[in-house]
Structure formats: structure tokens, C-alpha cells
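# Structural overview
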Amino acid sequence: MADRNPVPLPAEVRAKLAELELELSEGDITRKGYEKKRSKLIGAFFPHPPGMDPAMGQEKRTTVTPSSSSRYHRRRSSGSRDERYRSDIHTEAVQAALAKHKERKMAVPMPSKRRSLVVQASMDAYTPPDTSSGSEGEGQGDSNEEEGGDCEEEDGGGGTPSSREGSISMERWISRAIHGTSSTTTTTSSTASSSSSSTRSGGSGAAGGRLADVLAQHVHVSAHHPLRHHHRHRRRKTENHSAPPDVTGYSAKAAAADRIQVERAPGAGNATQRQAPKYGNAELMETGDGVPVSSRVSAKIQQLVDTLKRPKRPPLREFFVDDFEELLEVQQPDPNQPKAEGAQMATMQGEQLGVVTNWPPSLEAALQRWGTISPKAPCLTTMDTSGKPLYVLTYGKLWSRSVKVAYNLLHKLGSKPEPLVRPGDRVALVFPNNDPAAFMTAFYGCLLAEVVPVPIEVPLTRKDAGSQQIGFLLGSCGVTVALTSDACHKGLPKSPAGEIPQFKGWPKVLWFVAESKHLSKPPRDWFPHIKDANQDTAYIEYKTCKDGSVLGVTVTRTAMLTHCQALTQSCCYSEAETAVNVLDFKKDVGLWHAVLTSVMNMMHVVSVPYALMKVNPLSWVQKVCQHKAKVACVKSRDMHWALVAHRDQRDVNLTSLRMLVVADGSNPWSISSCDAFLNVFQSKGLKPEVICPCAGSPEALTVAIRRPSDEGGPPPGRGVLSMQDLSHGVIRVDSEEKLSVLTLQDVGAVMPGAVMCAVKADGVPQLCKADEIGELCVCTVATGTSYYGLAGMTKSTFEVFPTSSDGVPIGEFPFTRTGLLGFIGPAGLIFVAGKMDGLMVVGARRHNADDIVATALAVEPMKFVYRGRIAVFSVTVLHDERIVVVAEQRPDSTEEDSFQWMSRVLQAIDGIHQVGVYCLALVPSNTLPKTPLGGIHLSETKQLFLEGALHPGNVLMCPHTCVTNLPKPRQKQPEIGPASVMVGNLVSGKRIAQASGRDLGQIEDNDQARKFLFLSEVLQWRAQTTPDHVLYTLLNSRGTTAGSLTCLQLHKRAEKISGLLSERGHLQDGDHVALVYSPGIDLVVAFYGCLYAGCVPVTVRPPHPQNIATTLPTVKMIVEVSRSVCVMTTQVICKLLRSKEASAAVDVRTWPPVLDTDDLPKKKPPLLHKPSNPDTLAYLDFSVSTTGMLAGVKMSHTATSAFCRSIKLQCELYPSREVALCLDPYCGLGFVLWCLCSVYSGHQSILIPPSELEANAALWLSAVGQHKVRDTFCSYSVMELCTKGLGLQTDSLKARGLDLSRVRTCVVVAEERPRTALTQSFSKLFKDLGLHPRAVSTSFGCRVNLAVCLQPHRLGKFADQGTSGPDPTTVYVDMRALRHDRVRLVERGSPHSLPLMESGKILPGVRIIIANPETKGPMGESHLGEIWVHSGHNASGYFAVYGDEALQSDHFGSRLSFGDTQTIWARTGCLGFLRRTELTDASGERHDALYVVGALEEAMELRGMRYHPIDIETSVIRTHKSITECAVFTWTNLLVVVVELDGSEQEALDLVPLVTNVVLEEHYLIVGVVVVVDTGVIPINSRGEKQRMHLRDGFLADQLDPVYVAYNM
């Protein structure tokens, strides 16, 4: 296109293009972002399709010039949409922040969900939620329900000129506060810093250029601005000496390739030719084996990798890397962040509290006065749900009924000598929200009786959200009586006997119905004692904290009265005025105005219940008209509802209203409701000065209230503040109309008779500077005095002495903390920016939950979630708070829609607040816990989230974006090389880590078998000398003998097999024969038959009849790889190998000849083969490793005999012994014990096939008890089966007489790190059956040496030791040090400790040394290294390796690089360490314990550290009761965690945050993908080991049918 119409580009565009080039070369922007911006810049100079505004993408927009943008607003049909929390300017800002993300709309890979999970959220489950949502206060509910409104603001400020003046004076005030610095310069610097910090804190996309770009799009920002930022950025980079950390390319190679792409200098053309990272193409990716996979999953992971490759923010600068600790990065303060520069603020004094002569001396006196002088005056009008007046309570009735309640409380409860309630006792008031009359009567009755009322919510069910906490409050207040109304009493849940049950957490209370008709009349001569207000407690108001706990704030009678006087003076209340109240009358503003102050002034209150508001949102406005009310007390939510419904009303007239009290003025977003309400109702007679926002808190009561301004007070103030600066605690007027602003309105001046100041939000209560935001504190009589029963918390809240900057207290009177964040602005007006409870401190910046809710709500389209049902809170993960957003999803929104909305919300919050959201979850409608008035119960929601009980329908986690404080990736240190000093057995001053079992040569024993070189000869000798001695007994699932073999029988049958081989198979010496048998006696017979014929047996596990497709290929592979010339098996398996299913799985025609050993030839075989050379092959041992690698090792006759002798000596096996075996007989030690040891040592082996345990879990242990076996061997899978399957049956087993007290050793045969938890729970479980805890131990073997260790140490007889001593063989090591290949011993139970159990005693004739796997140098003791072994029974080499031909021969013939360089060692491929213990062995030597940590090939290298999958899996399994199993693997350097879910599929998404949290907390790793699958999906081999690579291949090939796959961003 450019060629056809050459357009000369203007200079500034060329400058911007050059700047883009620079950003690209610096790595501040991705290639995609670069292309996009470049095309946008150039786009203006090329023709584009009509109707398309190049700047705005698809949408046709009005262009916004700076002058018009402030006035820019669209009229919207009001009421069509729920508009709370809304501000047009904010919505516009959000849209702008999102505009830049437009193209990359689906950069976030969508999670995959199983169909059933999607369908379940269908319409059936849907009950229309209560869109109302506003909470009435419920301390913590507030942050999510207070709503803004339709804010159709003209002029950027409110509709009134006075508000604009306010904002100007505000600006002047701030610049004055900062000693004459002109406000523009401060804001410019703050913009610069905001763009630089946006580079640092969460989010998507390229750095500051991005923000500047958005600003430029909406506001003209000077062009030098971003450039300056980039120079600074570059300078910072060189100081860092490192490119931004790349989350995905951990490996040095990938990182280097990345760096080449990113840091290409503009001139270096050749750099591009270098190798780019391999994973560019999402369709064709390679699995670990180089097999290309093309699948949905891998494409999604690729998408995730690409998204994560976006340049990260510059890394934080300082780390602490201690030798042992990986310390987390410490967030360094940004030198450019805004700092408060003003002078120290002065305290602000309210006007004098003028004492009016006729003010009553106490509220009871006021009630008595009005009740007697004007008994007919109306006090309270209540409504039914249709809005009709239900009842008018007059002052006379209120007085007489209150007296009645007082009399009954004091005299009719309990007995005469022992009254239940005495003056000063606390009683609960439990009244519903639609019955203010009964509440008022009971409240004043308590005051008259001098009893302390504690008003609380009605508990709806026994386990109501939060009611348990209220119960704790009642208990701590010593409440024994609860007053309630008749209707409420009837509605409480009852037991079948009609009793009201005790609610969860509640003390036992007596329910007392305080209605007149149920009470006795007081005697004529009884009158309540009416005193002047004093320091006794008048009432206790409950307050819910951020963590859900409930505190009781005590208010004295003097404070109550003074507060009423202050409100009367501020609000100019006068006698007989009418007020409409929509608020909760039990607490907060509703109680203060409509129950207390109203009675002091003989006002008439019209109470509009919440239930009526739900039916008719306009009802309160109608009541104001109807009663010509002067005052109304509402929340911004009520104003908002009135807006939504006002169209239907013609005859609304609000001229009578002189004061509209907005109770939630402390929520900054209430301003939009106020403005919108004024906008609509100004035409109906509403005067602008009527709107009076107020701020209050349970501790400080009313903190400030705007006076009705016909008094000629200061005009209302407005401040448009930069949110970015607010997050640093600094107040800056935002003059540039940047996106992220917070518009605040004042909440009036300080209350009469009070002094006010703001102190720093954290640390000591030091006064703030004039331009700093802090917690407001007030000093006045009219506040609460304590948290009931909590002296410590009371001191820190109600007895605060603010100090000046030099630490001197500013006065002698204590202040009370209000819990509100704000500042005292120009003209002494109070501004509140949020609540302390809603604060979340993320990376040293403070964010307010309300602000984040508002941003989320401004993301269009909103039709997927309910506006009022959003919860925002923070959870602490890895030493910082992380933001969690939970919203209720509408039932009709599709998966795709919701996901789109979620990703837009993340981008918006990142763009506006420069903070990343850690987790965003959508739950089905009506499932979040509610407060009694319909708001969201925040702490309860948080609790559910942390417990994994929220059951979301959608989850998006962004740990990659949010978590910036991971420890520094490890750079490998050069290890000790040959240059280090070796003196004798010391390396660098440490003993060399080496150990050995007993020396075979020196052991004298009468071992007859020793004189034979070959096992076949031993068998022949036994058949002659002890022909009838039973060697083998096979048990079936019922525990009865299924077959047995004596020495002679075995010999005879083996001869026949050998005849079969030579006759039918025509085999030569040394031919390989595959033995495919199920565990049993036939296998043993076939093995010796092969030896007799001179053939080399290869044992192979038969295919599983139910699962031929996956098990048969392995059989086929082993047969082929082992070069077997024939297969021997039974008739049943023969048929299986030739079945239809088999031919579907493999090519059956290529099987070698298959010999069926069920019909053996009758005639005597020819002479048996006489082996001559003991170094020839005896058998081949094939096994599939956990990484999916098939390896076969060669065992010579010499090694086989040495092996058997070693085991015989270690386990003290003699012909008189019986040994029970329950393990797989196909490879490793299991095969040796099953087939070889009995023949060599002559003991009887009781064979128990593990598969029989599926039918009878108790089979193995019953056999052990029944046969009084001393030694038994099993596998982990058998032990797990017993632990899980018999956990509840130990008593019945004991009753059946199962006794395990004879067991001396129970050894788990394994080739992995001992599973400490499993062995311990097994020991504990069967301790009752007599199993000695020290009897259980493990063995350790590997491919190069099938058994290195075996047997526990017999430390004297059991009797001497007593059973209580701690197990001497378990140590605790620091998991963090292990990742750095170091061993650091710690105490049990210390953080990050990992228990390791010794792997058994080293076998006779075995030597071990620990060597560095890279340098091959010897390691010092207690250092982690590879275990190398030297022994007569080492295998003599790999016969074949399938899957990794690169395994060098050095596995079997390695030498140390220095020290003893002569000995030939075999490398086990396992990491471990040796540690000398305090124990001594038989020879008096101190015993060396070997600890196996894990296989090198299994270990994952992430961020330069070595992780063992089992550690991560153990952490994950602990997180939730429904996780039964877990496996982890890496894919393109992302950590993938697969969990098996044993529970409903609805729980699947609960696991995603839990898994991510625990891996972050305990392992400092970010999980890339969480896969939730059904139980039994993770493949486990017969040894009980997880086949993680099979799992990985199955996952990438889309074969797992997961319940849910979450891709963490």
C-alpha cells in the first residue's frame, strides 16, 4: 500500500515511530504490540474504509478533545440497566484502558471444561437473585454493596456550579499545602512515575509506553513524556545487569534466545538470523521423546507460553541470597513514587456544642417528658409490604409499654430472691427489620430498667453466615436473656419438641417475648428510676470486622446523649418534624437518627422496611411526598433504586425535604448516586443543598455530616484525586483528567464539640501531612468507649494519643480511631476515601476494595454478572496480599462470554489501578453467603474461598502476573573440583560421604550353597539332599494354599520345561526366552527350566485382560527389545495374546513362537545343560522407569549368586525360616526374592500375588499372622491398599485373632525415596494388632544394582528397647536447601521441613559413595549428590535401553574425578546423602545411614533449582480433602499439576486456587496449568510408582478427559 500512495510522514509521527523502535529493542513492548501501534500511527496517513476511525478500531466514536472530554457524556435511557457504583467518567476510563487490549482479546487461553460441568449451571438451578444486594452496613459487606448511580455528570463535576468551585478550591488548597509547588508539576511527575510503576506492577502488555499511549488517545499528553520515561527505564536496566526475568524460558538456552529477540540493537541485522526459540508453532509441538503432538491442549499451552513471554516489568533490584535460604525478593520502594510534601496538618475543631436550656438530661427523661405531655404525638409509623401504614406508635404508648418491659425484665424473670436480670446486665434484642415499633419499645424498656441492650440480627438458620460470631459476642457479654417479638419468636427454627435450638456458637439463652399482651402490668406504685445521663453503659452495638469476627462497641449514657445533641445541632432537628427512615434501625445511622435523636426531639419517624423497598423501590420517595417529610435517611443504594423506578411516577414532589442524609457517604462511590439522583429529581423540587452525606463508624458514631446549607456554611467540596497517588497515601488533584481518578465529595465539617485529625494508616499514630491520607481520629464525648471485654484492642482503638512528627503527643485527651481513611480538606471539610477494613496492601501500595469493585462494574457489557454481587478481598500468599474478585454469574451467560468479561476485568483493573488480580472467580447466582440485609458476607466468602468450598463455575488465576517476589533463580556455583584439598578421607574439611555393608570375605558361615557357582546346581543339590523340603507355597484370595513346591517337585518340573525348550523350541545355548506368567509357581518353574536348558530367561508381566490396548504393547516391546526367540506362557495367556483385542493393539503375526507350558512332554528330558563360565548371563531384568523409559540390565551367574548370598546374610535366612512375599515378581528385588532366594537359602516362601488383595485386602496380613511369619516383604501399592482398605477394620481383625507381634521385619521393596507418611500410618494403624513400629522399613534398589540397602538394623532385642523411643532413622531436612542440592538438618515441625527415612541397612559386600553428578568428584558427608555403588552383585550393564539411547556406559563403569580414581562404580541415578548416626552396629562401628532423596531423571529443574515431583505432590494432596492423588510434570517450562478429584465435579474449580496457593507458598513456584481429572486417571505401575511421563503424553494428546483444565496467567 505504501508504494502506491507515498505519503510523507510528519516529523512528530516519525519521532513516535523511532520511539516505538526503541521500545521494541529495549524489550518494553512485544512484537505484536509494536506492529499494532505502528500501524495505528501510520494508519492515519493511508485511506481507510469509511466509518472506521483508525484510532478506535471497529467502534465509531466521537473524537474526544481535551476541552470537550470533561463535558462528554452520553444520555442513556435511565433505568434500563442496573447502574450502581457507576460513574460515566470511570466507565469511559475503563473503556479506554481496555481499548488497547482490543486486538489481543483472547490472549488468555480459555480453560477447558467437561460438558457435564457446563450443563449443570443450567436454568433449573436458577432462582432469581436478589439484585438488591445492598448490605445495610454489615461492616464488611459494605465494600461490595454500596452502589454508585447513574452519574450523568455535566462538567465533569456535579451539576451545580458550587461543586465546581469546590474542586478548584481543593486544587488551590493542595498546592498551598505543598508550599506553593504548582499543582501541575506535581501531577506531571506523578504521571511519569505512574507510568514507570505501571511497568512494574501486574498486568498485561508492554510497559509504560502503553499507558502513555492510552493517555494520548484520550488526552493530549506532551510527546516528550514517554521518551523521558524510557531513558530512565534504560538507565535502570543497566543497573540491573539483567533482562527482565522470563517466566517461561527458564532454561538458559531459551532465555538467551529470547534475549536475542528482545535486545536487538536497531542496527544489528544479523542477530535475527540466530536461532529463535523452538516453540513457535502451536500446531506442531514435540513431546519429551521428540514425537510431534498436535492437539488442543498443546496449542493452549503454547498460547499461555506466548502470553507469558510478554515482557515483564523490570525485575526488583535487591535480593538477599543467603547460603542456605532462598529469600523472597523484598519490594524496594520506587524512588519516583509520590511522597507527601506538605506541612504537618493541624487538628480541626468543631463548633461549640451549644447547650439548649430545654434539652433533656437523659433520653429516658425525654421519653418520660413526651410520653406525659404529648402522649398523642406520633413517634413512629410502620408499613406493611404493600406500603400501607400498619401501625402508629405514639409517645404515650411508647412510654407506657417501655415501662411495662422494664418492670417485667427486673421482676418477672427468675425468682424473687434470685432475679435473672439485674441492672447493668446485658440482654440481646432480636427483632426483624420490619418491626421497628417492638424494637423501640424493648430498647427503651432496657434503658429504663438500666439493663444494657445488645441489638443483633435474627438468626435465620442454625448455621447462618456470621451468626456463630454473633453467638461468641453474646457469650462474651454474658447474655442469658433474648428479647424478641411474637412474630419473630414464632418464626425461629424449632426442634420437634417445640424448643428453640441452641444456635451454633451461641450461649444458652432464655427467649422472652417483649410484647405488651404477654407482659404483666406494673403495680401502681412502681416507677422506673430516671437518672441524668452517666458513665454507665447504655447499649452495645455489634461490629463485624474484616476477618468476620464480631466485636461489641459499648456506648455510655453520656456519649449517647451527647451524640444525640450533636446530631440535633448539626441537622437542626426540631420538635414534631417528620423523618422517613429506610436504614436498619438496630445500628449505625438508622439507630442514631430514627430511634435515639428522634425521641430526644419528639420527631415522627416513618419507617420504610427493606421488604417494601424490594417490592417498590420508589416507596421512600412516595412517603416523603405523602408525609411532607423534612428529613430522609437513606443509603446511596436506595437513591439508585429510586432512579431505576422513577419513570412510573408523575406526581413526585420533594420540595418539603430540607435534608437527605446519605448514610454511606464514606463510600467514595456514593457520589455518583447523589449526582444522578439530583439530576433526575431536581425537576421534582429537590434542592441541591439538601443532599447531606455523612460518615460514621460503630466506634466513633457519627464522624461528620454535611449541614443543610441554608445556614450559609461552606459550599460542598469535590476533589478529583489521582488513584495512583492515593495508593501511595498521597493526595494529588488530578488536573490532567487521567484515567484513574477518584472523585470525592465532602461529608461535612467536624461534629460540634469534637476535635479531629488524621494519623498515618499504619505504625504509630503520627499526624499526617496536609497532603497525606490517613485514618481519621476524633476526640469527643460522643464516641464508643470500648470493645466489650477486650482491653488490649480497646486501648489501641479508643485510647489513641496522636503525636506530632517529633513524637510528642498533641494533647492530653485520648482520640478514637474511626476506621475511615481520609483527610481534612479546604475550609475544614472532611473527605473520606474509604474504610480501613477495605484496604488491601499489595506490594507496598494500598488499594481500596470499593474502588476495585467500581472498576469491575465499569467493564462493559455487564450482562454476565449481577452488579451488586461482587466481593473483593485479599488473601495472603507468599508474604504479600493478593487480590481476589468473586462475582455472581447470571445463569444465561455462556462460558465464552463470562470468560471474555473476566479477561477484560483483569485488564481494566491492571490498567486503572496498576495492580494484578490474583484470582477472579464467578459463582452461580445466589450462592455467595449473604448478610441479613442481602449484602455479601465478605469474610464468610473469603473463608469459603480459602477452604475450597466456594464452588465457582469459572476461575481465572493470574499468578504469573501478580507474583513478583519469587526468590532469585539460582545460578549454579562451581562445585569442589580436584583443586580442593583432600586430606585422607576429608573433602574441604568434611568427611567423605562413603559407607559400606559388612565384608563378604570375612563372614564365616556354614553356607553350603556357597560351593556352587550356579543356581541350577544349588537346586539340583537341594533336590538330592532335602527332596521333600517345601520351598514355595502359593495362597489364593481366600488365604488357602493354591499350590506348593518341594525341592524335588521344582527340580522335576524344571527338567520337563527344559525338555520342552529343546524339543519344541529347538533352542541354542544362551537363547533368550520371554516368560509371560502371572505371579505364582509356574513362573518359578519356567525360570529354572530355562536355566536347565542353558537359556536366558526374561520375566515379563502378562497383559491385563481388561486393558489389553495399553498393556500389551509393553509386553510386545520387551519381547522384541530383549531379542527373545520364544515366549513361554500358560494356556489362558496364550489365548489372550492371540485374541481379537490383541490383534487390534499389536501385530500378532510378528510374535516369536509361543510355547504353552500347561501340557509338558511326558518323556524324560536329555541331559541338563552344564554351565561353565559364571560370568555369562543368568537372566535379563527389564523394567519401565517412572519416566516411561524401558531398560533391561544383564545379570551374570556370579552376580546372581553374590546377590542371593548377600540377602541371605542380611536377613538371616535358613531352611527353617518362612518368609511371606506380597509383591510383583517381574523385576528388581521383587523377582530375586520370589524366584531365587528360596532356592539359594532353602527357606520357605509364602507367595501372595498382589492382585489377590483386590478381592481380600486382609489376605497378606492374615497370612503373615496365621503362618507366624517373622519376615515379610511387600510393595508400596500393597501397603497403601492395606492402609486404605483396612483402616476401619482393625478391631474386627483383632477379634478374628490376627496377631502381628511375631513380625520382626516388614520390608517395603522400592526403587524410590521411602514414603515416610505411608509407612508411619501403616505402623500406627496396625500397632493395635501387635505390629512393632520398628519392624517396618524400606529397601532401596535401582537399575544398576537391584538392592543396595535392605533390612532395618536389629538394635538389640525388641524387649530391651521399649517401644517408645523415637525412630532413630528419620531426619528432617530443609526443603529449600534441598532445591539447591544442599542438605540442612532442621527440627521436626519447623517450616519447610521434609521428613526423610533411612533407606535400610547397606547389604554385605556393597560400598557406597556420594559423588557430584556433574563433576564426578566425591562429596562431603551430609551433602546431596548422586549415590554410586560398588558391589559383587551390580548388574553387568544395560542389555538394551529403549527411549533414551544416550545413556552412556558410564552408568556401570564410572570413576571418581579425584580421590580414589581406581575403583569402578555404578551410578544409581538417584540423589541422596549419607549421614553418620549415633547408633553403633554389631562390630561397634558407628552406623552410616543412607537417605535417598529422589531420581535425577524425575527431578525437574525450574528457576535453576532442582525440585522432586513427590514434594510438590505431597503439598498439593494436603490442600483439600477431595484430592486423592496428584502428579506433576513440566511442559515447555510450565509446571503442570494434575489432581484426581474424589467428589462432585462442582468442586473441581475450588481446587485451582488452592493448588496454586500451596505450590507458591511451599515451593516458590508458579503453577502454569492445573488439570482436574477423575480418580484413577494418573497411571501407576505395579510398584506403586506414578508414571508421570505417560500422564504427560496422555494430557498433551487430549486423552485424559479432564473435568477441568485451568491455564494460570
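Residues numbered from 1 in each chain as written. Predicted model: local features only at pLDDT ≥ 70, side-chain atom pairs only at ≥ 80, totals over all residues. Heavy atoms only, no water.

Attention now goes to the overall build of the chain. For the chain, the count of helices and strands is 46 helices and 62 strands. Looking at the chain as a whole, 61% of its 1609 residues qualify as buried. Taking the contacts inside the chain whose residues are at least 6 apart along the sequence as the reference set, 76% of them involve residues at least 24 apart. Carbon and sulfur atoms make up 54% of the accessible area of the chain, which amounts to about 61,400 Å² in all. (Helix = DSSP H or I, 4+ residues; strand = E, 2+ residues; numbered from the N terminus. Buried < 20%, exposed > 50% of the residue type's maximum accessible area, 1.4 Å probe, protein only. Contact = heavy atoms within 4.5 Å. Areas by Shrake-Rupley, 256 points an atom, 1.4 Å probe, with all protein chains shown as cover.)

What follows is about the environment of Tyr918. Looking at the secondary structure, you find Tyr918 in strand 31 (residues 917–924). Note on Tyr918: relative accessible area 0%, which makes it buried. Sequence separation between Tyr918 and Ile883 is 35 residues; the distance between their C-alpha atoms is 5.3 Å.

By the definition in use, this model includes 25 aromatic pairs. Through a chain of ring-to-ring contacts, the aromatic side chains of Phe431, Phe439, Phe443, Tyr444, Tyr539 and Phe585 assemble into a single cluster. The ring of Tyr1564 has Arg1379 lying over it, and the distance from NZ or CZ to the ring centre is 5.4 Å. (Phe/Tyr/Trp six-rings, centres within 6.5 Å; stacked < 30°, edge-to-face > 60°. Lys NZ or Arg CZ within 6 Å of the ring centre and 35° of its normal.)

Turning next to the environment of Leu950. Its location among the elements puts Leu950 in the loop between helix 28 (938–947) and strand 32 (954–957). A residue is classified by how much of its surface remains accessible, and Leu950, at 7% relative accessible area, is buried. A sequence separation of 596 residues divides Leu950 from Gln1546, and the C-alpha atoms of the two residues are 9.4 Å apart.

A separate point is helix 32 (residues 1081–1093). Taking 1.5 Å per residue, 13 residues should reach 18 Å; helix 32 reaches 19 Å between its end C-alpha atoms and fits that length. Judged by how many residues are buried, helix 32 sits mostly within the fold: twelve of 13 residues are covered. For helix 32, every residue scored as buried is listed here: Ile1081, Leu1083, Val1084, Val1085, Ala1086, Phe1087, Tyr1088, Gly1089, Cys1090, Leu1091, Tyr1092 and Ala1093. With its phi angle positive at about 80°, Gly1094 sits one or two positions after the end of helix 32. (Expected span 1.5 Å × (residues − 1).)

Formed by 101 residues in total, the largest nonpolar core has its most connected members in Tyr444, Leu483, Tyr539, Leu596 and Ile830. Considering every element that reaches this core, the biggest residue donor is helix 15 (residues 436–448), with ten residues. Leave out the neighbours within four places in its chain, and Tyr444 touches Leu363, Leu367, Leu398, Ser402, Val595, Leu596 and Val599. With 91 residues, the next largest nonpolar core counts Leu1060, Leu1213, Phe1273 and Leu1350 among its residues. (Core = buried A, V, L, I, M, F, W, Y, C linked by side-chain atoms within 4.5 Å.)

Sheet architecture is open: seven strands sit in the order 38-37-46-45-47-48-49, paired in mixed fashion. Since the sheet does not close on itself, it has two edges, and those belong to strand 38 (1041–1046) and strand 49 (1336–1338), each with one partner. In this sheet, neighbouring strand axes are inclined to one another by 20° on average, regardless of whether the strands run parallel or antiparallel. Taken together, the five bridges between strand 37 (residues 1030–1035) and strand 38 define a ladder with antiparallel strand orientation. Paired with Leu1034 across the strands is Gly1043, a residue of strand 38. Contacting strand 37, strand 38 and strand 46 (1244–1247), helix 32 runs over the sheet at an angle of about 25° to strand 38. Here helix 41 (residues 1316–1325) sits on the sheet in contact with strand 48 (1305–1308) and strand 49, set at roughly 160° to strand 49. (Pairing = 2+ DSSP bridges. Axes fitted to C-alpha atoms, helices over the stretch in contact; angles between N-to-C directions.)

Right, let's talk about the sheet that holds strand 9 (residues 481–484) for a bit. Read from one edge of the open sheet, four strands run 8-7-9-10, paired in parallel fashion. One side of each edge strand has no neighbouring strand; the edge strands of this open sheet are strand 8 (452–456) and strand 10 (510–513). Going across the sheet, the axis of each strand differs from the next one's by a mean of 30°, ignoring polarity. Judged from the four bridges that link them, strand 9 and strand 10 form a sheet pairing that is parallel. In the sheet register, Val481 faces strand 10, and the bridge partner there is Leu510. Contacting strand 7 (426–430), strand 8 and strand 9, helix 15 runs over the sheet at an angle of about 175° to strand 7. Its contacts with the sheet place helix 16 (residues 467–477) against strand 7 and strand 8, and it is angled at close to 170° to strand 8.

This brings us to the pairing of strand 59 (residues 1523–1531). Look at any regular strand and the pattern is simple: side chains alternate between the two faces of the sheet. Within strand 59, seven of the nine residues are buried, which leaves the element mostly enclosed by the surrounding structure. The hairpin turn running from strand 59 into strand 60 (residues 1534–1541), its antiparallel successor, is two residues long, and Thr1532 in that turn takes a positive phi close to 40°.

Bringing the packing of helix 32 against helix 37 (residues 1228–1241) into the picture now. For the pair helix 32 and helix 37, the least separation of the axes is 10 Å and the interaxial angle reads 65°. Viewed along their axes, helix 32 and helix 37 form a crossing whose handedness is right-handed. Across the interface between the two elements, Leu1083, Val1084, Phe1087 and Tyr1088 of helix 32 pack against Phe1231, Trp1234, Cys1235, Leu1236 and Val1239 of helix 37. Taken together, the residues of the contact of helix 32 with helix 37 break down into nine nonpolar, no polar and no charged. (Left-handed = near helix turned anticlockwise from the far one by under 90°. Nonpolar A, V, L, I, M, F, W, Y, C, P; charged D, E, K, R; others polar.)

For the chain, per-residue confidence averages 79 on the pLDDT scale, and residues scoring 70 or more make up 78% of the total. The low-confidence segment residues 120–168, where pLDDT is below 50, has 168 contacts with residues more than four positions distant or belonging to other chains. (pLDDT = per-residue confidence, 0-100.)

Buried residues dominate strand 7, accounting for five of its five residues. Here strand 7 shows two buried faces, one formed by Arg426, Ala428 and Val430 and the other by Val427 and Leu429. Two elements, strand 7 and strand 8, share five bridges in a ladder whose sense is parallel. Bridged to Leu429 within strand 8 is Pro455. Handedness of the crossover joining strand 7 and strand 8 through helix 15 is recorded here as right-handed. (Right-handed = clockwise from strand over helix to strand, strands pointing away.)

A few words on the pattern of salt bridges. Using the criterion set out here, one finds 46 salt bridges in the structure. Across the pair Lys760 and Glu772 runs a salt bridge, and its minimum N-O distance is 3.0 Å. On the criterion of sequence distance, the pair formed by Lys760 in the loop between strand 22 (755–759) and strand 23 (774–779) and Glu772 in the loop between strand 22 and strand 23 is long-range, its members being twelve residues apart. Given a relative accessible area of 23%, Lys760 falls into the partly exposed group. What you see here is one network of salt bridges that share partners, running through Glu1498, Glu1513, Glu1525, Lys1586 and Arg1588. (Salt bridge = Lys/Arg side-chain N within 4 Å of Asp/Glu carboxyl O.)

Right, let's get into the packing of helix 44 (residues 1509–1519) against helix 45 (residues 1548–1563). At a minimum axis separation of 9 Å, helix 44 and helix 45 run at an interaxial angle of 135°. What the angle tells us is that helix 44 and helix 45 run oblique. In the packing of helix 44 onto helix 45, the handedness of the crossing is right-handed. Taken together, the residues of helix 45 that come into contact with helix 44 (itself represented by Asp1511, Ile1512, Ser1515, Val1516, Arg1518 and Thr1519) are Leu1554, Val1555, Val1558, Val1559, Glu1562 and His1563. (Parallel < 35°, antiparallel > 145°, perpendicular 65-115°, else oblique.)

Before going further, it helps to spend a moment on the side chain of Arg426. Note on placement: Arg426 falls in strand 7. At 5.1 Å, Asp425 is the nearest oppositely charged side chain to Arg426, a buried residue that forms no salt bridge. Here Cys477 takes part through its backbone oxygen, which lies 2.8 Å from a polar atom of the side chain of Arg426. If we skip the residues at most four places from it in the chain, Arg426 touches Val452, Val454, Cys477, Gly478, Val479, Thr480, Ile540 and Tyr788. (Lys, Arg positive; Asp, Glu negative; His and termini not counted. Polar contact = N/O pair within 3.5 Å; in protein donor to acceptor, adjacent residues only side chain to side chain.)

With that out of the way, let us pick up helix 26 (residues 849–857). Among the nine residues that make up helix 26, nine are buried, leaving the element largely enclosed by the rest of the structure. Buried within helix 26 are the following residues: Ala849, Asp850, Asp851, Ile852, Val853, Ala854, Thr855, Ala856 and Leu857.

A separate point is the state of the cysteines. Applying the stated criterion to the full structure yields zero disulfides. A disulfide-free cysteine, Cys1222 has its sulfur positioned 7.1 Å from the sulfur of Cys1274, the nearest such atom. (Disulfide = S-S within 2.5 Å.)

Here we come to the environment of Arg1313. Within the secondary structure, Arg1313 is located in the loop between strand 48 and helix 41. In sequence terms Arg1313 and Val1492 are 179 residues apart; their C-alpha atoms lie 5.1 Å from each other. Among all residues touching Arg1313, those that are not within four sequence positions of it are Tyr1276, Leu1394, Leu1396, Val1492, Val1493, His1508, Ile1510 and Asp1511. Within the structure, the side chain of Arg1313 is placed 2.8 Å from the backbone oxygen of Val1493, a separation counted as a polar contact. At 2.6 Å, the side chain of Arg1313 and the side chain of Asp1511 are in polar contact.

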